[in-house]
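Per-entry structural report
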Amino acid sequence: MGIDTPAAAALDAAIAIQATMPEAGTLKREIGHEADSVVRENKEAERVVKKIKVEGKNGDGVVKHDDDGRKKGVVPIKAEYLVHCTESRATATTTTATDDDAAEADSHPHATSIQPIDDRDRPGNGGGKKKKERGQNKGRKFQFSHDAIQLCPHISRSPSTDKPSPCQRVGAGGVTAEESGERENGKSGGVNGCTFEHDIKKYLKEGKKTDLDGICPVWAVRGECPTAGWRCRWLNSHVRTLDNGEMELVVDNDRKKTFLQHLHSTGKGEEAKAAEEGTPEILNEVHMKHKIILRKNKFEYPISAPYLSYIETQKDEIPPATASSTAENSAKYVEARFPMHEKRPLHISPDKPILAPLTTTGNLPFRRLCTRLGAGITYSEMAMSLPLLQGQKSEWALLRAHASEIPNFGAQICAMKPWQAVKATEAITKLIPSHSMNLIDLNCGCPIDMVYRSGGGSALLDQHGKLFKMLKGMAYVSGETPITCKIRMGTKDTAPSAKKLLQKLWSAGDVSAVTLHGRSRQQRYTREADWGYIAECAALIEGLKKEGNIEVDTAGWKEGHDLPQATVSSTADSSGEGKIGRTMHFIGNGDVYSHHDYYAHLTAAPALSSVMVARGALIKPWIFEEIEKKQYLDKPGSERLEYIRDFVRMGLETWGADEFGVGTTRRFLLEWLSFTCRYVPVGVLEYLPPRIQDRPPVWRGRDDREGLLASGDCREWLRISEMFLGKAPDGYVFVPKHKSNAHGAEEGEAEG
């Protein structure tokens, strides 16, 4: 966004300090740990190089080379940017040999017994003996702080101290004070038992932390700070004292007008409309009263109930199939008829690259950034069905979307049992408007042990009976919302089963699209994705489409055709006349790192509807811009830092510019930096295209910004966060997933 902010001036000042270093790419370090840092990091660099050498050799000890002369598994960096291990580590950058497979082990708070403490997953108040910590990310502790006195969120949006807004807290009965007619009678003047402070002056004097220096990043761009208000950590930049001693929040109408004009000029009509009308830009917010009803198990599922009762009856009546009883049982079995609504058509095409559902890192601010850079379709982070049915705030928060993502936003859920998937789908479609939820995707590929052993994720690849009960029930209860699924090649390397499953999915007709990740569950995230197998599956789907697309009478179909309506789409033949045919979009996924990869896969498999991007977007979000322009983009460090600034602003708009929102934004920024530090600029490479599985030797950035962004040191990531979010709390430590995981740091790679 071409709007100047004081954050940019602070950034330039920080970079200017680094520019005094004698060599380009030099990373400024504190004097206290300089010597220890050099020794420790030299050893780390040698380990990385040693690892690359070992992996790059065949059984005869000879380094492998590809046809173009590049070493296998090693990023081909130009000689002038390489750094020998004998040189000081302070003059070079190296990307730690990260373990994405380990990182994915904490891909969801409910996948292990250790739950991250952030704004979406706060610990309960239950007592009892503390359970022993288990799981694969025990080393990850997130540090957040609060004001000494916490101001009520509703009061914080008051325009002035003498005109407080009413408290709208939802009471234990699931209703607001306005709905129940209750007046101010709670603690500190609250209602419905609200325990937050409602006196703004008292909060400012006794409870609020000292403001951060500079101007609020949200207010600097938008001209107002709607999410934090009086709780903003940069409050001094947008508050003034009136003649009568009262204070009011400042709204800069010129900045607001400039912001709206920018949105209109860049084609963000939905976002501009929400900002102009004062309607929420963040959609899919589920009211607290509904979550309370879910928690009390009083939510009604009138559509799911008959379907679930039926499959339970069938489970009791039909014994396991044997060779002698198969024919008899199949003759007795009568398929239940659960008529489905006609589904909305999905607009999936090669010109709409898809951002994969990415746990933790695929949060709302990151999706906003990718949407701005050209992502055509986005997904929520994977939400677990059971916590949704239990009304957990943290889980429902994952389904929130920004106005800029609409109407191309979908939710992904994971379920272990059919009743979980079916009820969660009905709850989602009842509580979230269909216009802001384009589709619901069932995760059938998650390889995480805790999910797999519980019967979810990739375990469904070997349990077709349970899988199809889930999909059929989801399609039955979802109304007009299409159902899709994401699968892998199979559970074992030696026995890919996706082709067989795809044939069954086509025959069942319950899903409108299938995404295939070109790896097996056993492979997890290691080695390269098998795009040859994906091309074979795409050809299979294309053949099934040609067999199934038979012209039929539209009115007759709607009256009594037995094919599920989810599989119907209007098409046009060569003469331009419409016809009704069956369709199922097929999407490929795995190791897409450039526009070259994207279009090469579409060329090799023309039957693909589109291609999904995962890690490539985390490392360089502008991959969608490359796809649109069909060329490599060598982004300088200054422009990449502007993307970080935008992410920070979007994070503060999402989670608030208060103390807790700043901490949450910092945490997710650090999560993203742990991926984007792997980026090696195109101008530094000896050969193209870049490969996502390659790992770089020790190299030197072309300038200080580039060197800083390429650092694999967590302390440097924290320093970047301080450029935009102020100084981190004393003792703040961030541990990347791959370093806290029990697998260790040398097992492999990960892709969402």
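Throughout what follows, the structure given in this document is the object of discussion. (Residues numbered from 1 in each chain as written. Predicted model: local features only at pLDDT ≥ 70, side-chain atom pairs only at ≥ 80, totals over all residues. Heavy atoms only, no water.)

1. Points about the side chain of K635
Applied cut-off: Where helices and strands are cited, they refer to DSSP runs of H or I of at least four residues and of E of at least two residues respectively, numbered from the N terminus. Three labels apply to residues, based on accessible area from a 1.4 Å probe with only protein chains included: buried if under 20% of the type maximum, exposed if over 50%, partly exposed otherwise in between. Under this definition, polar contacts are N or O atom pairs within 3.5 Å; protein pairs additionally need one hydrogen-donor-capable and one acceptor-capable atom, and for neighbouring residues in sequence, both atoms have to be side-chain atoms. Residue contacts are defined here by distance: any two heavy atoms, one from each residue, within 4.5 Å place the two residues in contact.
Counting through the fold element by element, K635 comes out in the loop between α23 (623-629) and α24 (637-655). With relative accessibility at 5%, the residue K635 sits in the buried group. Of the polar contacts made by the side chain of K635, one reaches the side chain of E639; its length is 2.8 Å. Within the structure, the side chain of K635 is placed 3.0 Å from the side chain of Y643, a separation counted as a polar contact. Beyond its immediate stretch of four places on either side in the chain, K635 contacts W622, E625, R640, Y643 and Y679.

2. Observations regarding the pairing of strand β14 (residues 585-589)
The test is simple: Two strands form a pair only when DSSP identifies at least two bridges running between them. Here the term right-handed applies to a crossover when the path leading from its first strand over the helix to its second strand runs clockwise, the strands being oriented away from the viewer.
With 5 of 5 residues buried, β14 lies mostly within the body of the structure. Residues H585, I587 and N589 point to one face of β14 and F586 and G588 to the other, with burial holding for every one of them. In this sheet, β14 lies alongside strand β11 (residues 513-517) in parallel orientation, the contact comprising 5 bridges. Note that in β14 the partner of A513 across the bridge is H585. Summarising the sheet, β14 and strand β15 (residues 610-613) pair through 3 bridges and their orientation is parallel. The residue bridging I587 from the neighbouring strand is S610, located in β15. Since β14 and β15 lie parallel, the crossover through helix α21 (residues 595-604) that links them has a hand, and here it is right-handed.

3. Concerning the pairing of strand β9 (residues 439-444)
With 6 of 6 residues buried, β9 is to be regarded as a mostly interior element. Side chains L439, D441 and N443 project from β9 onto one buried face, and the interleaved I440, L442 and C444 project onto a second face that is buried too. Sheet topology note: the strand β8 (residues 409-414)/β9 ladder contains 4 bridges and is parallel. Residue pairing in the sheet places Q412 in a bridge with D441 of β9. Following the backbone out of β8, through helix α15 (residues 418-431) and into the adjacent parallel β9, one traces a crossover that is right-handed. Both β9 and strand β10 (residues 483-488) contribute to a ladder of 5 bridges, which runs parallel. From the neighbouring strand, C444 faces β10, where its bridge partner is I487.

4. A closer look at helix α19 (residues 531-548)
This is how the line gets drawn: One less than the number of residues in a helix, times 1.5 Å, gives the span that helix is expected to have.
Taking 1.5 Å per residue as the helical rise, α19 with its 18 residues ought to reach 26 Å, and the 25 Å between its terminal C-alpha atoms agrees with that figure. Within the sequence span of α19, burial applies to W531, Y533, I534, A535, C537, A538, I541, L544 and K545. On its buried side, α19 packs onto α18 (498-508), β11, β14, α21 and β15. Between a side-chain oxygen at the N-terminus of α19 and the backbone nitrogen of G532 the separation is 3.2 Å; the capping residue is D530.

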